[in-house]
Amino acid sequence: MSGIEAELVKEFLDCSSRGDVERVCVMMSQSSELMDQRGETGWTALMLAARHGHYELVQLLLSKGCDTTTTNRSGQTARDVALFWGHRHIARLLSSSWDGDVHHVLPERETEREPDIYFNREILDRMSEKRTDSEWLSAQRSSPRTVFILFHNLNPLVSPRVEDAGEGEPNVRLCKLRAGCVEELLRRSDTVVIFLGAEKQERRVETEGDELVTWFALNTQDDPTKLIQGKDPNASFQKGPMPGLLLFSDNEAGVVAQARSVLAWHSRYSFCPTCGSKTQVEEGGYKRTCLRAGCRSLQGIHNTCYPRVDPVVIMLVIHADGNQCLLGRKKSFPSGMFSCLAGFIEAGETVEAAVRREVLEESGVLVGPVQYQTCQAWPMPSCLMIGCHCVAMTSDIKVDQNEIEEARWFTREQVIGALVKDKHAVFNLPPKQAIAHYLIKHWTGFNASL
Ligand code: ZN
Ligand code: MG
C-alpha cells in the first residue's frame, strides 16, 4: 500500500462515501497519494463518490487529476458506477470521451484559409539561411535600398496618419529609414541590430540577389533622435504597448511583431542565463553566445541562446447548451469590457491541460473537449496566443479574485449585441486586433464582413 497506512485509506474512503468534501480536501492536502487508493473491496474514492451521487466531490477529485480509468473487481469504472446508479449528471462529468452530445457545440475550424489576424501577416521572407553570412549581412546594411526601422526602449518610430486618410486606414506608419540616416547609430556598441528579412514581392519575380529590399530593426536605450539624419520631423516614438501597437496596417503589424519580440528578448537577456557572463549577438540578431570560455551553454544546443517565445492559451468556453459563452474581466480592462480567459502554459503541460487548468482556476468551471482554432503572435513582449474553443461540463462560476474581477455567462444575443456595438449592448468586446475578438465572433457564426 505504498507506505500509506490502511487505516488512513479507510478513513479517506469513508469520507468519500459520505461526500465529506471538506475532510477529503484536507486529507488530500496531507497526502496526495490517497486519491487513487483502493479499499478492501477494490473501490476508489471516485467510485464511491459516483456511487452515492456526490457531484461536488467528483468535481473536486477530477480537478486534482484523479484517475478515471481505474476499474473495480467487476470491471466497472467510476462512470459505469454512476450510470448504474442513475447519476447521469455525474456520468457526464466522468465521460472521458465526451461521446454523445457536447462536441456539436464547438464551431468548425476555418480550414480553407487561415484567418487574417492582426500581427500574423508576413510581408518579409525571413531568409534565416543568410543569418550566418556576415559578409552578405554587412553588404545589405550599407545598401541604399535597405529599410531600417528604429525602436527606442521597444517603442517604434512612427509617422502620424495622413490627414486625409480614409476610415479604414491605419493610424500610424512605421518610419522607414535609409542606411545614411542610421550610420551613426549602427556604429554605436549599445545599438542592437536584427535582420528581419527581405520583401516578399521582390523575391516573387525571381530577381537577382542584389535587388532584394532587406529590412533591419534597431533598438537603443538612449534617445537616438539626435543621431538620426534627415528623418520626418513629425515622426515620434509610439508609446505603447497598448493600444499603441494596435494602430498599424496589417502588413506593418506583422513586421512590428517580429522585430519587437526579438528586440524585447535582447533587452531582457543580455547576460548568459547559464553563467551570468557577457554575451555577444550573432546570426543577424537571432542568437546570443556566451563569451566565457568553457561555459556549459557553448556545448550542444540550448534554448537559452535563442529568442524565446512564451505559449499562452486563450479560450472561449462554450456552455454545453451551445447558446452561452463564458467571458471574464480583469481589473485592468477598460470598464465594461469582457474577454476570453487566458493564461500561460506551464512547463510540462499540454495545450488541452492548460486550457482546463486555467478555466478551472479562474472561473471554477470544468472543461471537457478542447479544440484548437488558430493562433496569434503577440509581441508584448513575446507570446504566442494559442486560441481554442472548449466545452464546459459544469456551469457554476467561482471566480479567482486575484486574477479575474468578474466572470459571467453571456447569451449569443448579448454577444452579437456587443459585436455590432448595439446601444443596448450589456458589455464591450476586446478590439478586433485581438485573437479573443476572433474567437468570440467565430463562435457566433458572424462572417468576416460583419
Ligand atoms: Zn555562459
Ligand atoms: Mg491564470
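Just above, that's the structure.
Conventions we followed
Residues numbered from 1 in each chain as written. Chains lettered and ligands numbered in written order. Predicted model: local features only at pLDDT ≥ 70, side-chain atom pairs only at ≥ 80, totals over all residues. Heavy atoms only, no water. Helix = DSSP H or I, 4+ residues; strand = E, 2+ residues; numbered from the N terminus. Buried < 20%, exposed > 50% of the residue type's maximum accessible area, 1.4 Å probe, protein only. Contact = heavy atoms within 4.5 Å. Areas by Shrake-Rupley, 256 points an atom, 1.4 Å probe, with all protein chains shown as cover. Lys, Arg positive; Asp, Glu negative; His and termini not counted. Charge placed at Lys NZ, Arg CZ, Asp CG, Glu CD. Donors = N, O, S within 2.8 Å, 3.2 Å for Na, K, Ca; no water. Tetrahedral: all angles 85-135°; square planar, octahedral: opposite > 155°, others 65-115°. Phe/Tyr/Trp six-rings, centres within 6.5 Å; stacked < 30°, edge-to-face > 60°.

1. A word on the overall build of the chain
Then comes step 1: For the chain, the count of helices and strands is 13 helices and 15 strands.
Then comes step 2: Projected onto its principal axes, the C-alpha positions of the chain cover 80 × 65 × 40 Å.
Then comes step 3: Counting every position in the chain, which comprises 450 residues, the buried fraction comes to 48%.
Then comes step 4: For the chain, the share of sequence-separated contacts (at least 6 apart) that also reach a separation of at least 24 residues comes to 69%.
Then comes step 5: Carbon together with sulfur atoms contributes 48% to the accessible area of the chain, which is approximately 23,100 Å² in total.
Then comes step 6: Treating the 50 positive side-chain charges of the chain as one cloud and the 59 negative ones as another, the clouds have centres 3 Å apart.

2. Overview of the coordination of the zinc ion (ligand 1)
The expected angle between donors at a tetrahedral four-coordinate metal is 109.5 degrees. At an octahedral six-coordinate metal it is 90 or 180 degrees.
Then comes step 1: The coordination sphere of the zinc ion (ligand 1), as far as protein atoms go, consists of C272 (SG), C275 (SG), C290 (SG) and C295 (SG), spread over 2.3 to 2.4 Å.
Then comes step 2: Taken together, the 4 donor atoms coordinating the zinc ion (ligand 1) span angles of 103 to 112° at the metal, a pattern that classifies the geometry as tetrahedral.
Then comes step 3: We note that the donor set of the zinc ion (ligand 1) lies within a single chain, spaced as C-x2-C-x14-C-x4-C.
Then comes step 4: Exposure remark for C272: the relative accessible area of 5% places this residue in the buried category.

3. What to know about the packing of aromatic side chains
Then comes step 1: Counted by the stated rule, this structure contains 10 aromatic pairs.
Then comes step 2: On the numbers, 5.6 Å between centres and 80° between planes, the contact of W136 with F195 is edge-to-face. With W136 in helix α7 (residues 134-142) and F195 in strand β5 (residues 192-199), this residue pair connects regions lying 59 residues apart in the sequence.
Then comes step 3: Judged by its relative accessible area of 15%, W136 is buried.
Then comes step 4: With a centroid separation of 5.3 Å and 50° between ring planes, the pair formed by F195 and F216 is classed as tilted.

4. Observations concerning the coordination of the magnesium ion (ligand 2)
Then comes step 1: Of the protein atoms, only E358 (OE), E362 (OE), E403 (OE) and E403 (OE) coordinate the magnesium ion (ligand 2), at distances of 2.2 to 2.6 Å.
Then comes step 2: Look at where the donors of the magnesium ion (ligand 2) fall in the sequence and you get E-x3-E-x40-E. Here E358 is found in helix α11 (residues 351-363), whereas its partner E403 is found in the loop between β14 (383-392) and β15 (406-411), with 45 residues between them in sequence.
Then comes step 3: The exposure class of E358 is buried, given its relative accessible area of 6%.

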